[in-house]
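# Commentary on secondary and tertiary structure
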Amino acid sequence: MRYALLLLLSLAPGLALAQAEALENPGTTSAVQDRLYQLNHELMLGLGVLPADAFYKGYYAGLSYTYHFSDHFAWQVGRGGYSYNVKTSLRRQLERDFGVAPTDTSFEDEVQWFVGSDVMWSPFYGKTSILNQKVLHFEAFLLGGATVFKLNREGGFRPGANVGLGLRVFKSNHISFRLDVTNNVVFAGASRIINIPSIQLATALNFGATE
């Protein structure tokens, strides 16, 4: 009994201090701020590159329209792009030194243009400061959908599925900038599947939303 009494007396100051702090701060509340910028109707104009093919590099101009159901979910209703293709040094060497014709099968996977549609999910939104002078608002998103490619071959319409990720930086409620990185899995033939990655940097114009 004596030892229990001594132990209780030794703990009493700490318990009193904890009780005083609890009375001064009865609870803690964490607040998550709403987004400063909301999106509704989005028209996007972009420039991109198809970097992966060994025989050409495609540089394309793209256009898309996206409808945003909420801060997190959107439907990129339609998108398309036309590619200006440049031969690589490997292709020029094959044509010059080995007489390989541009119509050979090796060159028939060259993209001419494409159209597609995607579902977008934006789970991440945040803001950061630049040198404690400017606040930058941004979001990261995932996308997935389907694309039809027109390839450089007879009857060269080929379907594909795509997945990708992107980053958006807001300038205002009406203007933002997007970086999209996407990989397209294209069914190029009965037993052929090719990958067509794309990288696009774009300006997005937002209509119909309020701050």
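What you are looking at is a predicted structure, and each value in this text was computed from that prediction instead of being measured.

Further remarks concern the packing of aromatic side chains. The tally for this structure, following the rule as stated, stands at six aromatic pairs. Summarising the aromatic geometry, the rings of F114 and F149 are spaced 5.6 Å apart at their centres and angled 40 degrees between planes, so their arrangement reads as tilted. Of this pair, F114 sits in strand β4 (residues 111-130) while F149 sits in strand β5 (residues 134-151), and the two are 35 residues apart along the sequence. An aromatic cluster of three or more residues is present, and its members are Y37, Y125 and F170. Above the face of the F157 ring, K150 is positioned so that its terminal group lies 5.9 Å from the ring centre.

What follows covers the pattern of salt bridges. In the structure shown here, the tally under the stated rule is seven salt bridges. The salt bridge involving E139 is made with R35; its shortest N-O contact spans 2.6 Å. Taken together, the positions of E139 in strand β5 and R35 in the loop between α1 (2-24) and β1 (41-50) put the pair 104 residues apart, joining distant regions of the chain. One exposure class covers both E139 and R35, and it is buried. The salt bridge involving D180 is made with R178; its shortest N-O contact spans 2.5 Å.

The rules behind each value
Residues numbered from 1 in each chain as written. Predicted model: local features only at pLDDT ≥ 70, side-chain atom pairs only at ≥ 80, totals over all residues. Heavy atoms only, no water. Phe/Tyr/Trp six-rings, centres within 6.5 Å; stacked < 30°, edge-to-face > 60°. Helix = DSSP H or I, 4+ residues; strand = E, 2+ residues; numbered from the N terminus. Lys NZ or Arg CZ within 6 Å of the ring centre and 35° of its normal. Salt bridge = Lys/Arg side-chain N within 4 Å of Asp/Glu carboxyl O. Buried < 20%, exposed > 50% of the residue type's maximum accessible area, 1.4 Å probe, protein only.

Fair warning: the whole summary comes from geometry, so function is off the table for now.
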